[in-house]
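Report on the structure
Residues per chain are reported as follows:
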Amino acid sequence: MLKQRIITAIILLLLFLSALFMLPQPGWIGLVILVVMQGTSEWTRLANLSGRFAHAYWWITLAFVGAIVWFDADHTLAQHATLHMLVYAVSALLWLAIVPFWLWMGWQVRQLLPMALVGWAVLIPTGLAMIDLRENSPQLLLGIMVLVWVADSTAYFTGRKFGKHKLAPSISPGKTWEGVLGALVGVSVYVLVVWVLIDLSHLIMFIPMILLASWCWVGLAVIGDLFESAVKRQAGVKDSGALLPGHGGLLDRIDALTSTLPLAALALLLQRMA
């Protein structure tokens, strides 16, 4: 199982890097739309949407994404910023307020409309963030994603080796506090290595602030991971899908990115507007 996971991960990484650095922006946007729509297909399963409801949800999602892409192509940068700020604000509300309370209260939300709305709040800002961050800098998008992957990998291996204290046993019994600690250590090492490689020694006084921000991102990644686990448990499934051998569905791989990329894009947008 671990060997299959590693092989799939390597293939995905090579394909992702090729697309990230070689595709023109329209091609990248097309790829992101495919990612969002695959995520939508998997979300319909988790939300127990079936038949005509699932088909309608898929097409409405595509219409939303297409409308945003059309709006960006036909309007000014200032107008883009207003729309994108609204989309990211919805994501921030979801991940900073609604989902933590949802997990704490152990909600079982089975009504179709709330689950449909949550799916849009999860997937559409993530896709938009992948477009915005890549347009700003492919290296920036890659750096943020690698940070999340480092957190996920170090949490997984640390938890397997040292995990004793369950993080959220009713949601995801395999996750431990030791895994979270391993993730914090892993991203700290990652940040320091990147700091040295790009030679930011003249900004040494900002290291504590950047480390703190990276730890906050670990917290967001954990929330995204736990939330997908909670939704899967509610739906009675182990994986969101079977697209990726050894990994499950696409949402199983991007769960932590859905809670981190939109807030990173929001921070970048706020910095530009300041």
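Everything below is about the structure shown above.
Over the atoms, a rolled probe matching the size of one water molecule traces out where space is still vacant. Here the second largest pocket is characterised by a volume of approximately 990 Å³. Around the second largest pocket, the lining is made up of 23 residues, and of these Leu140, Ile144, Leu147, Ile210 and Ala213 lie nearest the centre. Those elements that place two or more of their residues in the lining of the second largest pocket are helix 6 (138-162), helix 7 (177-197), helix 8 (207-235) and helix 10 (261-273). In terms of residue count, the dominant contributor to the lining of the second largest pocket is helix 8 (7 residues). Along the lines of polarity and charge, the residues of the lining of the second largest pocket split into 19 nonpolar, 4 polar and no charged.

Here we take up the nonpolar core. Residues Trp28, Trp43, Leu133, Phe227 and Leu261 are the most contacted members of the largest nonpolar core, which totals 69 residues. If near-sequence neighbours (up to four positions away) are discounted, Leu133 is found in contact with Pro138, Leu140, Leu141, Ile144, Leu261, Ala264, Ala265 and Leu268. Leu147, Ala183, Trp195 and Val218 belong to the second largest nonpolar core, which has 10 residues in total.

Attention now goes to the side chain of Ser137. Relative to the helices and strands, Ser137 is located in the loop between helix 5 (112-136) and helix 6. Within polar-contact distance, the side chain of Ser137 engages the side chain of Gln139 at 3.2 Å.

Relative orientation of the contacting elements helix 4 (residues 77-105) and helix 8 amounts to 50 degrees, with a least axis distance of 10 Å. As summarised for this structure, helix 4 and helix 8 are arranged oblique, according to the angle between their axes. In terms of crossing hand, the pair formed by helix 4 and helix 8 is left-handed. Where helix 4 approaches helix 8, its residues Trp95, Leu96, Val99, Pro100, Trp102 and Leu103 are matched on the opposing element by Leu220, Ile223, Gly224, Leu226, Phe227 and Ala230.

Moving on, we come to helix 7. Taking 1.5 Å as the rise per residue, helix 7 with 21 residues should run 30 Å; its terminal C-alpha atoms sit 30 Å apart, in good agreement. Residues of helix 7 that are buried: Glu178, Gly179, Val180, Gly182, Ala183, Gly186, Val187, Ser188, Tyr190, Val191 and Trp195. Packed against the buried residues of helix 7 are helix 6, strand 1 (166-168), strand 2 (172-176) and helix 8. Of the residues trailing helix 7, Asp199 is marked for its positive phi of about 55 degrees.

Let's shift gears to the pattern of salt bridges. Scanning the model with the defined rule gives 4 salt bridges in all. Residues Lys232 and Asp252 are paired through a salt bridge, measuring 2.8 Å at the closest nitrogen-oxygen approach. Separated by 20 residues along the polypeptide, Lys232 in helix 8 and Asp252 in helix 9 (residues 250-258) bring together distant segments of the chain. Grouping residues by exposure puts Lys232 and Asp252 together as buried. Ionic contacts of the salt-bridge type, sharing partners, join the residues Glu228, Lys232 and Asp252 into one network.

Scanning the entire structure with this criterion turns up 11 aromatic pairs. Look at Phe16 and Trp149: their rings are 5.8 Å apart centre to centre, the planes differ by 80 degrees, and that puts the pair in the edge-to-face class. With Phe16 in helix 1 (residues 2-22) and Trp149 in helix 6, this pair connects stretches of sequence that are 133 residues apart. The exposure class assigned to Phe16 is buried, which follows from its relative accessible area of 14%. Residue Trp149 is classed as partly exposed on the basis of its relative accessible area, which comes to 28%. Ring plane angle 80 degrees and centroid distance 5.1 Å describe the contact between Tyr156 and Phe157, whose orientation is recorded as edge-to-face. For Phe157, a relative accessible area of 45% translates into the label partly exposed. Counting every residue linked through ring pairs, the aromatic cluster contains Trp95, Phe101, Trp102, Trp104, Trp107 and Phe227.

The rules behind each value
Residues numbered from 1 in each chain as written. Predicted model: local features only at pLDDT ≥ 70, side-chain atom pairs only at ≥ 80, totals over all residues. Heavy atoms only, no water. 1 Å grid on protein atoms, 1.4 Å probe; cavity = no way out; pocket = protein on both sides within 12 Å on 5 of 7 lines; lining within 4 Å. Points joined across faces, edges and corners; volume = space filled by probe spheres on them. Helix = DSSP H or I, 4+ residues; strand = E, 2+ residues; numbered from the N terminus. Nonpolar A, V, L, I, M, F, W, Y, C, P; charged D, E, K, R; others polar. Core = buried A, V, L, I, M, F, W, Y, C linked by side-chain atoms within 4.5 Å. Buried < 20%, exposed > 50% of the residue type's maximum accessible area, 1.4 Å probe, protein only. Contact = heavy atoms within 4.5 Å. Polar contact = N/O pair within 3.5 Å; in protein donor to acceptor, adjacent residues only side chain to side chain. Axes fitted to C-alpha atoms, helices over the stretch in contact; angles between N-to-C directions. Parallel < 35°, antiparallel > 145°, perpendicular 65-115°, else oblique. Left-handed = near helix turned anticlockwise from the far one by under 90°. Expected span 1.5 Å × (residues − 1). Salt bridge = Lys/Arg side-chain N within 4 Å of Asp/Glu carboxyl O. Phe/Tyr/Trp six-rings, centres within 6.5 Å; stacked < 30°, edge-to-face > 60°.

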